[in-house]
Amino acid sequence: MNKEWSEKNKKMQSLIGREATFAEGIEALIDLRNDLLTQVSYIVNPYPEEAFYQMPFAGADGYHSKTLAYSMWHIFRIEDIVAHTLICGDEQVLFTGKWQKKTGSPIITTGNELKGEEIAEFSKKLNVKVLFEYCKAVKDSTDELLRSLAYKDLKRKFSDEDKKRVIDSQCVSTDEAAFWLVDYWCDKDVRGLLKMPFSRHWIMHIEAMCRISNKLCQNARKGADPIARCGLSCNHCFLRSWCGGCRTAYNTCSDAMNHPDRVCPNTSCCKGKGIDGCYECDALVSCRKGFYEYDDINAIKAMGLFIRKYGKAELLKTMDRLHKEHDFEKIQEVLGNDLEEGLAILEKTRRGRN
Ligand code: SF4
Ligand code: SF4
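Nothing here was measured: the structure is a model prediction, and the numbers come from that model.

A look at the overall build of the protein chain
Looking only at helices and strands, one finds 16 helices and 0 strands in the protein chain. Along the first, second and third principal axes, the C-alpha atoms of the protein chain reach 75 × 45 × 35 Å. The buried share among the 354 residues of the protein chain stands at 40%.

Some points on the nonpolar core
Formed by 90 residues in total, the largest nonpolar core has its most connected members in Ala 69, Met 72, Leu 131 and Met 303. Tallying contributions element by element places helix α3 (residues 68–88) first for this core, with 13 residues. When residues of this core are assigned to domains, at least three fall in each of domain 1 (3–221) and domain 2 (234–353).

Things to note about the site of ligand 2
Taken together, Asn 266, Cys 269, Cys 270, Lys 273, Cys 278, Cys 281, Ala 283, Leu 284, Cys 287, Lys 289 and Gly 290 make up the full set of residues adjacent to ligand 2. Taken together, the residues that form the shell around ligand 2 break down as 7 nonpolar, 2 polar and 2 charged.

With respect to the packing of α3 against helix α10 (residues 190–221)
In contact at an axis separation of 9 Å, α3 and α10 are set at 170° when each is read in the N-to-C sense. Accordingly, the angle class assigned to the pair α3 and α10 is roughly antiparallel. Packed against α3, whose contacting residues are Leu 68, Ser 71, His 74, Ile 75, Ile 78, Glu 79, Val 82 and Ile 87, the element α10 presents Val 190, Leu 193, Pro 197, Phe 198, His 201, Trp 202, His 205, Ala 208, Met 209, Ile 212 and Ser 213 at the interface. For the contact of α3 with α10, the residue count by class is 13 nonpolar, 5 polar and 1 charged.

Quick look at the site of ligand 1
Neighbouring residues of ligand 1: 14 residues in total, closest Ala 228, Cys 230, Cys 246, Cys 253 and Cys 264. The residue inventory of the shell around ligand 1, partitioned by class, reads 8 nonpolar, 4 polar and 2 charged.

Here's the deal with helix α14 (residues 312–325)
End to end, α14 covers 20 Å across 14 residues, agreeing with the expected 20 Å (1.5 Å per residue, within 8%). Looking at α14, one finds that the buried residues are Leu 315, Thr 318, Met 319 and Leu 322. For α14, the arc enclosing every buried residue in end-on projection is 105°, short of the 170-degree limit, so these residues lie on one face. Of the exposed residues in α14, the ones pointing more than 90 degrees away from its buried face are Ala 313 and Lys 324.

Side note on the domain arrangement of the protein chain
Examined at the domain level, the protein chain breaks down into domain 1 (3–221) and domain 2 (234–353). Each partner contributes residues to the interface: domain 1 has 11 residues there, and domain 2 has 11 residues. Counted by class, the side of domain 1 that touches domain 2 contains 7 nonpolar, 3 polar and 1 charged residues.

A few points about the packing of α3 against helix α8 (residues 160–168)
As a packed pair, α3 and α8 sit with axes 9 Å apart at the nearest point and diverge in direction by 130°. By the angle between their directions, the pair α3 and α8 is classed as oblique. The element α3 and its partner α8 pack so that their crossing is right-handed. When α3 is examined against α8, the residues Ile 81, Thr 85 and Leu 86 are found in contact with a partner set consisting of Asp 162, Arg 165 and Val 166. In terms of residue class, the contact of α3 with α8 is built from 3 nonpolar, 1 polar and 2 charged.

Quick notes on unusual backbone geometry
With a phi angle near 50°, Lys 98 is a residue other than glycine that sits in the positive phi range. With a phi close to 60°, Arg 262 is a non-glycine residue in the positive phi region. By secondary structure assignment, the location of Arg 262 is in the loop between α11 (254–257) and α12 (265–273). Using a count of 17 C-beta atoms within 10 Å as the deciding quantity, one classes Arg 262 as partly exposed.

Digging into the environment of Tyr 310
Counting through the fold element by element, Tyr 310 comes out in helix α13 (residues 298–310). Taking the number of C-beta atoms within 10 Å as the measure of exposure, Tyr 310 has 15 and is therefore partly exposed. Distance in space between the C-alpha atoms of Tyr 310 and Cys 237 is 20 Å, their sequence separation being 73 residues. In this structure Tyr 310 touches Leu 315 and Arg 350, once residues within four positions along its chain are discounted.

Parameters at a glance
- Residues numbered from 1 in each chain as written.
- Chains lettered and ligands numbered in written order.
- Predicted model: local features only at pLDDT ≥ 70, side-chain atom pairs only at ≥ 80, totals over all residues.
- Helix = DSSP H or I, 4+ residues; strand = E, 2+ residues; numbered from the N terminus.
- Buried ≥ 20, exposed ≤ 12 C-beta atoms within 10 Å, placed from the backbone.
- Core = buried A, V, L, I, M, F, W, Y, C linked by C-beta atoms within 7 Å.
- Domains from an automatic or database assignment.
- Near = placed C-beta within 6 Å.
- Nonpolar A, V, L, I, M, F, W, Y, C, P; charged D, E, K, R; others polar.
- Axes fitted to C-alpha atoms, helices over the stretch in contact; angles between N-to-C directions.
- Parallel < 35°, antiparallel > 145°, perpendicular 65-115°, else oblique.
- Contact = placed C-beta atoms within 7 Å.
- Expected span 1.5 Å × (residues − 1).
- Arc of directions from axis to C-beta.
- Left-handed = near helix turned anticlockwise from the far one by under 90°.

Here you go:
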């Protein structure tokens, strides 16, 4: 389990277990949920539509065998049912906000009953951006419920009438792969529900989402040019585990993300000039467009100048060597911010190999 989330989860559980620290524990839970939802936004915002119905681990044993869209639907449908139908006995966010129609979902259930290809087919029908709005609406509504709880509520158990309400809602399929959820939830007290559908269940599925998205990025990288148009080596970029490379649809570079069409100024400029990258442009040294507008980014230009002199393949080999020799995240940490010095370091590293 992600170490930071696991620590926060443990801390939250310990705090809610004592009356004196209960309120602090609820805030710790909401803080953990904020972190997790932010992680989902890192997946929803940059990745292309097709990413949300791919099953790169189809048939595997675990949550990562599903799709990204299914995972989002499943986490928040479960929370909506448990928070509203079971605990509060009121209307779910799905219905008050008319989210089934808005998301395009053909079902109102948790999705546990779906198998194999059905999961991918279901995922294709969902409007992911709208689905994320539903996720946020459910989270906000549950956070409100959490803040309204008192320590004594933790021991509240559920009656046959509560169980009947969940069954009658028809939000849990009668398929054996799903129906067990009714007993699972109703046999817990409120504290047990805080520890699973409202926290740990998120962690497990969101970790699986990270695994799925990382795999999709790795797949996208295969055969793609790893040299960005600005001169950066995507193979050595600190974003590489959750970015497919900036010449693929799985580009997560903030410079691309910050533009409405998701094309960074360097890329549009190169395309306009009909060149492969900034390393083919006469204006490279003095250019302040896009990625080059930042004051500390001369290291990227140094990589561009290096490509101009020695080619892309040499840059990739030199970068491999540089990473063996130094422990760094961003290339500026090694090349500094002086263009000539940065180029000289790359050339020295290249010579060291020859
Ligand atoms: S600035 Fe543009 S070209 Fe450079 S890495 Fe980002 S998306 Fe790619
Ligand atoms: S003008 Fe700047 S952004 Fe455009 S191709 Fe040349 S170096 Fe790249």
